[in-house]
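# A look at the structure
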Amino acid sequence: MTFLDCGGRKLDLSRPAVMGILNITPDSFSDGGVFLSPEKAIAQALLMAEEGADIIDVGGESTRPGARPVSAQEEMDRVLPVVEALHARIPLPVSIDTSKPEVMRAAVAAGAGFINDVQALRAYGALAAATELNVPVCLMHMRGEPRTMQDDPRYADVTGEVRNFLKQRLEACGNAGIPASRIVVDPGFGFGKTLEHNIELLRGLKKLQGLGASVLVGLSRKSMIGKALGLPVAQRLHASVALAVMAAQQGARIVRVHDVGPTVEALRMWAAVYPDSSKEQ
Ligand code: 8Y7
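A brief report on the enclosed structure follows. (Residues numbered from 1 in each chain as written. Predicted model: local features only at pLDDT ≥ 70, side-chain atom pairs only at ≥ 80, totals over all residues. Heavy atoms only, no water.)

One key point about sheets: their strands pair by backbone hydrogen bonds, in either a parallel or an antiparallel sense. One closed barrel holds the eight strands; their spatial order is β3-β4-β5-β6-β7-β8-β9-β10, and the pairing between them is parallel. Across the sheet, the mean angle separating the axes of adjacent strands is 25 degrees when strand polarity is ignored. Each of β3 (17-23), β4 (55-59) and β5 (94-97) touches helix α2 (residues 72-89); the most contacted strand, β4, lies at about 160 degrees to it. Sitting on the sheet, helix α9 (residues 260-273) is in contact with β3 and β10 (254-257), with an inclination near 170 degrees to β3. (Pairing = 2+ DSSP bridges. Helix = DSSP H or I, 4+ residues; strand = E, 2+ residues; numbered from the N terminus. Axes fitted to C-alpha atoms, helices over the stretch in contact; angles between N-to-C directions. Contact = heavy atoms within 4.5 Å.)

So, on to the pattern of salt bridges. Overall, the coordinates contain twelve salt bridges when judged by the stated rule. The partner of D152 in a salt bridge is R154, and the shortest N-O contact between them spans 2.9 Å. Both residues of the pair, D152 and R154, belong to the exposed class. In this structure, D259 engages R221 in a salt bridge whose closest nitrogen and oxygen atoms are separated by 2.9 Å. Here D259 is found in the loop between β10 and α9, whereas its partner R221 is found in the loop between β9 (214-218) and α7 (223-229), with 38 residues between them in sequence. Overall, D259 belongs to the buried group, its relative accessible area being 18%. Taken together, the shared-partner salt bridges in this structure form one network comprising D57, D97 and R256. (Salt bridge = Lys/Arg side-chain N within 4 Å of Asp/Glu carboxyl O. Buried < 20%, exposed > 50% of the residue type's maximum accessible area, 1.4 Å probe, protein only.)

Next up on the list: the nonpolar core. Counting residues in hydrophobic clusters, the biggest one holds 75 residues, and the most contacted among them are L22, I56, V58, L86, L121 and V217. Among the elements that line this core, the one with the most residues is α2, at eight residues. If we skip the residues at most four places from it in the chain, I56 touches G20, L22, A45, M48, A49, L86, I90, L92, P93, V94 and S95. In terms of nonpolar packing, the next biggest core, distinct from the first, is built from twelve residues, L4, L11, A17 and I55 among them. (Core = buried A, V, L, I, M, F, W, Y, C linked by side-chain atoms within 4.5 Å.)

Around the ligand sit 13 residues in total, of which F29, N116, D186, K222 and R256 are the nearest. Take G218: an N or O atom from its main chain is 3.5 Å from an oxygen atom of the ligand. For the ligand, the accessible surface in isolation is 410 Å², of which the surrounding protein chains cover 92%. Elements supplying a minimum of two residues to the shell around the ligand: β7 (137-140) and β9. Split by residue class, the shell around the ligand holds six nonpolar, three polar and four charged. (Near = heavy atom within 4 Å. Polar contact = N/O pair within 3.5 Å; in protein donor to acceptor, adjacent residues only side chain to side chain. Areas by Shrake-Rupley, 256 points an atom, 1.4 Å probe, with all protein chains shown as cover. Nonpolar A, V, L, I, M, F, W, Y, C, P; charged D, E, K, R; others polar.)

What follows concerns the packing of helix α1 (residues 38-50) against α2. Packing of α1 against α2 leaves a shortest axis separation of 10 Å and a crossing angle of 35 degrees. For α1 against α2, the interelement crossing comes out right-handed. Contacts between α1 and α2 involve P38, A41, I42, A45 and L46 from the first element and V82, A85, L86 and R89 from the second. (Left-handed = near helix turned anticlockwise from the far one by under 90°.)

In this model, α1 (13 residues) spans 18 Å end to end at C-alpha, consistent with the 18 Å of a helix rising 1.5 Å per residue. If you check which residues of α1 are buried, you get A41, I42, Q44, A45 and M48. All buried residues of α1 fall inside an arc of 160 degrees around its axis, so they share one side. Residues of α1 that are exposed and angled more than 90 degrees away from the buried face: E39, K40 and E50. Contact partners of the buried residues in α1: β3, β4, α2 and α9. Where α1 terminates, the next one or two residues include G52, which has phi positive at roughly 105 degrees. (Expected span 1.5 Å × (residues − 1). Arc of directions from axis to C-beta.)

The buried category is assigned to R221, whose relative accessible area is 17%. Here R221 is in contact with F29, S30, V233, R236, S240, H258 and D259, once residues within four sequence places are set aside.

This brings us to helix α8 (residues 237-249). Since the α-helix advances by 3.6 residues per turn, residues separated by three or four positions end up pointing in the same direction. For α8, which comprises 13 residues, the first-to-last C-alpha distance of 19 Å matches the rise-based estimate of 18 Å (1.5 Å per residue) to within 8%. Of all the positions in α8, only A239, S240, V241, L243, A244, A247 and A248 are classed as buried. Where α8 is buried, its residues meet α6 (195-203), β9, α7, β10 and α9. With its phi angle positive at about 100 degrees, G251 sits one or two positions after the end of α8.

Attention now moves to the environment of E132. On the secondary structure map, E132 appears in helix α4 (residues 126-133). Measuring from C-alpha to C-alpha, the distance between E132 and R105 comes to 9.0 Å, with 27 residues separating the pair along the chain.

The structure is reproduced here in structure tokens:
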């Protein structure tokens, strides 16, 4: 299958797709507070759509280490006006970045057609909500919880352990009635992983194929770039684009990024060189 049906809107996966990040939070690591007002958030999403984004990921809670947890109500107050406006104003699918079943339900009712859950539907009630809502879901691997996940994470075989986790979550989804064709899996770069773990995961990304689900990655502006190159968040564009291309080369079908225009250009070039990439999956 080369596309995902996101509540009636198609996400074409015959070539690598770009998911534009829209954080409506006061405290996200690279753009916290920038798009907190609905007007600013909507303007940023329209810009990303113009730059060639394939899907917009709307999030109302920061997952960065030490971020303050927000209530479902607060999260909904932030994201719902934006989800509704985007659904009305752009033809792209809108993704809701949340782990809370209440937020999933309300966002899909407001027009969201994709669920991006960094907890892989492990929160109480999330699996049932996602099953009912009948939209594609991204299951992401995270070791531990955001507050403590970077405290000396250890793995014997990081790629194997991440793969096993995702396989188990796929099985849980299958038992609940969500087929693998409606699921996207994500190794969760930076979520309970050192620089070395992240690099090993990227190098071994192809091992996540064969689970029956497409692969999504988030590498944009992440601290692994800061660690590898000694660059602050504002100077991670070029490395982020390079990582997006490497991920595509390793089989990623969706890349979640802040800088849509440059990533779209780079991936179009990649697709021009590898036009038959979709047949390899
Ligand atoms: C990811 C993500 C974040 C990721 C998926 C950031 C919400 C930190 N990272 N979702 N969310 N994958 N699926 O750097 O890697 O944007 S938050």
